[in-house]
Structures are given as structure tokens and as C-alpha cells.
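# Geometric and topological summary
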Amino acid sequence: MRLKLGAPVGAQQLIVTAPGFAGVQVIASAAATAGAATTLAIATQPTAAVAGNTMATTSVVARDGAGNLATGFISAVSVAIDSGPAGATLSGTLAVPATGGTAAFTTLSLDRAGTYRLRFASAGLSDVLSDPFVITAAAPATITAFLGDGQTAPAFVVLPDS
């Protein structure tokens, strides 16, 4: 007879009884461990942020064929813009080694306002796309008034009449 542990990682127990043997049980205990990584999944989606500012941490996990966290996965996971405004730049650490099956991106930022999707990849595994998220424009550093006669000045500076 061949028995197979269930999908959840951790301690499992099998109790065998047979008709006609009241009170007799055979108990087998085993520990299930995660298998090799077969897919990437986003654990924490990217969220809205302001252009040029560091985004909240986005994390990606490796899962085995049963959907368990593949804790032995330590390969690098990379990130790139999948869709967004033309010419936008993703900055920060763009390749992160996984630890215990999880890769955390803590320094990402985007330089242009718009709606984005990010693509996460690791060798040998299928890429995974983030949900769409919005980057809003940063507040202007200065406001300059342009008058009809070519005069310019920062906001709140009174210009002489010409």
C-alpha cells in the first residue's frame, strides 16, 4: 500500500482502523515539506504612490506545485515595467534574491504619472504580472507666472507694471 501526504506543509498524521478490530489503530506521523518552486505569485501588490517617491514594499513568492510557499527558493527575482506611460523609468533595486521563498522589493519608484503594471520574473519560472496601479504626479517644485510682456517670476512675487 502506498500513502501520500496532503498538500499542506507541516506535521500530518494518518490513522488506520479496520472493521472487526475495534480499538486497534495504526498511527503514522510524517512531516510534509514544500516542493521545488514551479511558479511565482504576488504576495503584496504594488500600490498607488507619487511619482519619484519610493513605493510601499511589493513582495513576490515562489510556490510549489501544490501551492505551498517554496521555502527553499533563493533565486533572484527581477522586476520591470510591463505597461505604463511611454518613456517611464522604474528605479530602485530591480533584482532581489529570494529568502525563504520570498523576494521583497523595498526601493522601487516610478518617475511619471500614469497607470502601470509590473512584470516579475525568475529563471525557469513563469512571469507574473501585478494588478494595475496608479502613480500620481508629484507636486510642482516651483510655479512660475508668465506675463504677456515676457516677465517671469516665482509665484507670489509682485511684478512691476510695464
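For the structure given in this document, a descriptive report is provided here. Numbering of residues starts from 1 in every chain and runs along the sequence as written. Given that the model is predicted, a residue must reach a pLDDT of at least 70 before its local features are reported, and side-chain atom pairs must reach 80 or more before they are shown or counted; all residues, however, enter totals for whole chains, interfaces and linings. The side-chain numbers reported here are obtained from all heavy atoms of the structure, hydrogens and water having been left aside.

## Re the side chain of Thr-58
Here Thr-58 is to be found in strand β5 (residues 58-63). By the convention used here, residues are in contact when the closest approach between their heavy atoms is within 4.5 Å. Residue contacts for Thr-58: discarding those within four places in its chain leaves Thr-44, Gln-45, Pro-46, Ala-103, Ala-104, Phe-105 and Phe-120. Numbering goes from the N terminus for both helices and strands, where a helix is a DSSP run of H or I of at least four residues and a strand is a run of E of at least two.

## Regarding the nonpolar core
By convention a nonpolar core is built from buried Ala, Val, Leu, Ile, Met, Phe, Trp, Tyr and Cys residues, the set being connected through side-chain atoms within 4.5 Å. Each residue's exposure class comes from its accessible area (1.4 Å probe, protein chains only) as a fraction of the maximum for that residue type: buried when under 20%, exposed when over 50%, partly exposed otherwise. In this structure, Met-55, Val-77, Phe-105, Leu-118, Phe-120 and Ile-135 are the most contacted members of the largest nonpolar core, which totals 26 residues. Here this core takes three residues from strand β11 (residues 114-121), the largest share from any one element.

## Things to note about the packing of aromatic side chains
Each Phe, Tyr or Trp ring (for Trp, its six-membered ring) is paired with any other whose centre lies within 6.5 Å, and the angle between the two planes then decides the class: stacked below 30 degrees, edge-to-face above 60, tilted in between. Summed over all chains, the structure comprises two aromatic pairs. Judged by centre distance (5.3 Å) and plane angle (55°), the ring pair of Phe-105 and Phe-120 falls under tilted. Taken together, the residues span a long stretch of sequence, with Phe-105 in strand β9 (residues 102-105) and Phe-120 in strand β11 at a distance of 15 residues. Note on accessibility: Phe-105 and Phe-120 belong to one class, buried. Ring geometry for Tyr-116 versus Phe-133: centroids 6.1 Å apart, planes at 25°, classification stacked. One end of the pair, Tyr-116, is in strand β11; the other, Phe-133, is in strand β13 (residues 133-136), with 17 residues separating them in the sequence. Judged by its relative accessible area of 0%, Tyr-116 falls in the buried class.

## As for the pattern of salt bridges
One speaks of a salt bridge when a side-chain nitrogen belonging to Lys or Arg is within 4 Å of a carboxyl oxygen belonging to Asp or Glu. Overall, the coordinates contain two salt bridges when judged by the stated rule. A salt bridge links Asp-82 to Arg-119; its shortest N-O distance comes to 2.6 Å. One end of the pair, Asp-82, is in strand β6 (residues 76-83); the other, Arg-119, is in strand β11, and 37 residues separate them in sequence. A salt bridge links Arg-119 to Asp-127; its shortest N-O distance comes to 3.4 Å. By relative accessible area, which is 31% here, Arg-119 ends up partly exposed. For Asp-127, a relative accessible area of 40% gives the class partly exposed. Three or more residues joined by partner-sharing salt bridges are found here, namely Asp-82, Arg-119 and Asp-127.

## Let's talk about the pairing of β5
Counting buried positions along β5 yields five of six residues, so the element is predominantly enclosed. Two strands form a pair only when DSSP identifies at least two bridges running between them. As defined by bridge partners, strand β3 (residues 39-44) adjoins β5 across five bridges and the pair is classed as antiparallel. By the bridge assignment, Ile-42 is partnered in β5 with Val-60. Relative to β9, β5 runs antiparallel, the two being bridged by four bridges. Within the sheet, the bridge partner assigned to Ser-59 lies in β9 and is Ala-104.

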